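Coordinates in review
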Amino acid sequence: MLKQRILAAVCAMILAGQAGGHAKLRSTLPAANAELRVAPKTLTLTFNEEARLAVLTLSVDGKEIPVTVDRSAAAAVQVTVSLPALAAGKYLVQWSALSPKDGHVTRGAFSFAIVGPGGA
Ligand SMILES: [Cu+2]
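Below is a short write-up of the structure. (Residues numbered from 1 in each chain as written. Predicted model: local features only at pLDDT ≥ 70, side-chain atom pairs only at ≥ 80, totals over all residues.)

1. Some words on the overall build of the protein
Of the regular secondary structure elements, the protein holds one helix and seven strands. When the helices and strands of the protein are placed in sequence order, the string is α-β-β-β-β-β-β-β. For the protein, the proportion of its 120 residues judged to be buried stands at 13%. Contacts spanning at least 24 positions in sequence make up 69% of the contacts within the protein whose residues lie at least 6 apart. (Helix = DSSP H or I, 4+ residues; strand = E, 2+ residues; numbered from the N terminus. Buried ≥ 20, exposed ≤ 12 C-beta atoms within 10 Å, placed from the backbone. Contact = placed C-beta atoms within 7 Å.)

Dropping the structure here:
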């Protein structure tokens, strides 16, 4: 039956897609390109699947700000990192995440700004 065959093909495609799935960044908090009046205390990355944060680099004007990443944390769809007191400025976040499902690493970057009267 043709209908059944098409259905099977679609299922195979969906399964293949899942097996090759990488951890993609869905959203962040602060959001990319956000302009904040108050310095955020945490940074949250939301992925499309469970991921483990491998690297998180926060920098402002090319100067790196130390951020502690718990690499022993269990893989999760949502990863939150505590931030130190941040002054006003434009911040660049560079991240890489490991997908435990297939061992693939994905990476990306986004920035947000703290504007107005002193972030810290
Ligand atoms: Cu993958």
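2. Description of unusual backbone geometry
Pro 30 follows Leu 29 through a cis peptide bond whose omega is 0°. The residue Pro 30 is located in the loop between strand 1 (25–29) and strand 2 (35–36) in this model. The backbone of Asn 33 shows a phi angle near 70°, a positive value even though the residue is not glycine. Tracing the sequence through the fold places Asn 33 in the loop between strand 1 and strand 2. Positive phi outside glycine occurs at Asp 61, with the angle close to 50°. Position of Asp 61 among the secondary structure elements: in the loop between strand 3 (42–60) and strand 4 (63–65).

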